[in-house]
Amino acid sequence: MELAIRVQDPSGTVVRDVQVRADEANTVHDLVEVLVDVMEWPRETAAGGQVVYEARLLGTPDPLKATATIASIGLVR
């Protein structure tokens, strides 16, 4: 399925609408990996450490569980 997703950084200063393909069985981790590629975000810090990205639904304080499926979090086409 095609998803239109609004990606926003934690400060709210950078907002971008993107379209990605996802299957309902894909996980939040899969979606984050695609978004990191689409947004061209770094995967490593300047010191060589790994950057960890998490997804949250707008207006919710807690990150989505990386193992949750797209279907279970209620994303719609």
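Residues numbered from 1 in each chain as written. Predicted model: local features only at pLDDT ≥ 70, side-chain atom pairs only at ≥ 80, totals over all residues. Heavy atoms only, no water.

*Asks:* Can you help me understand the pattern of salt bridges in this one?
*Replies:* Where charged atoms from two side chains of opposite charge approach closely, those side chains can pair. This structure, assessed with the given rule, holds five salt bridges. The salt bridge partner of Glu54 is Arg56, with a shortest N-O separation of 3.8 Å. Classification of Arg56 by relative accessible area gives partly exposed; the value is 43%. Taken together, the salt bridges that share partners define one network made up of Glu33, Asp37 and Arg43. (Salt bridge = Lys/Arg side-chain N within 4 Å of Asp/Glu carboxyl O. Buried < 20%, exposed > 50% of the residue type's maximum accessible area, 1.4 Å probe, protein only.)

*Asks:* Whenever I open this one, the packing of aromatic side chains confuses me. Can you help?
*Replies:* Aromatic rings considered in pairs are described by the distance between their centres and by the relative angle of their planes. Per the counting criterion, the structure on display carries one aromatic pair. Considering the side-chain rings of Trp41 and Tyr53, the 5.2 Å spacing of their centres and the 20° angle between planes classify their relative orientation as stacked. Of this pair, Trp41 sits in the segment after α1 (28-39) while Tyr53 sits in the segment after α1, and the two are twelve residues apart along the sequence. Given a relative accessible area of 26%, Tyr53 falls into the partly exposed group. (Phe/Tyr/Trp six-rings, centres within 6.5 Å; stacked < 30°, edge-to-face > 60°. Helix = DSSP H or I, 4+ residues; strand = E, 2+ residues; numbered from the N terminus.)

*Asks:* Is there a simple way to think about the pairing of strand β1 (residues 2-8) in this case?
*Replies:* When a strand is regular, its side chains alternate between the sheet's two faces. Of the two faces of β1, the one lined by Leu3, Ile5 and Val7 is fully buried and the one lined by Glu2, Ala4, Arg6 and Gln8 carries no buried residue. Here seven bridges tie β1 to strand β2 (residues 15-21), and the two strands are oriented antiparallel to one another. For Gln8, the partnering residue across the bridge sits in β2 and is Val15. Two successive antiparallel strands, β1 and β2, enclose a turn made up of six residues, where Gly12 displays a positive phi of approximately 80°. (Pairing = 2+ DSSP bridges.)

*Asks:* I keep staring at unusual backbone geometry and nothing clicks. Help me out?
*Replies:* With the exception of glycine, the majority of residues adopt a negative phi angle, and the majority of peptide bonds are in the trans configuration. The phi torsion at Glu40 lies on the positive side, around 55°, for a residue other than glycine. Within the secondary structure, Glu40 is located in the segment after α1.

*Asks:* Explain the nonpolar core to me, please; I cannot follow it from the model alone.
*Replies:* Here is a general trend for soluble globular proteins: nonpolar side chains tend to be buried in one another's company. In terms of nonpolar packing, the biggest core is built from eleven residues, these being Met1, Leu3, Ile5, Val7, Val18, Val20, Ala22, Leu31, Leu35, Met39 and Ile70. Secondary structure elements with two or more residues in this core: β1, β2 and α1. Apart from the residues lying within four places of it in its own chain, the contact partners of Val18 are Leu3, Ala4, Ile5, Val7, Leu35, Val38 and Met39. In this structure, Val32, Val36, Ala55 and Ile73 belong to the second largest nonpolar core, which totals six residues. (Core = buried A, V, L, I, M, F, W, Y, C linked by side-chain atoms within 4.5 Å. Contact = heavy atoms within 4.5 Å.)

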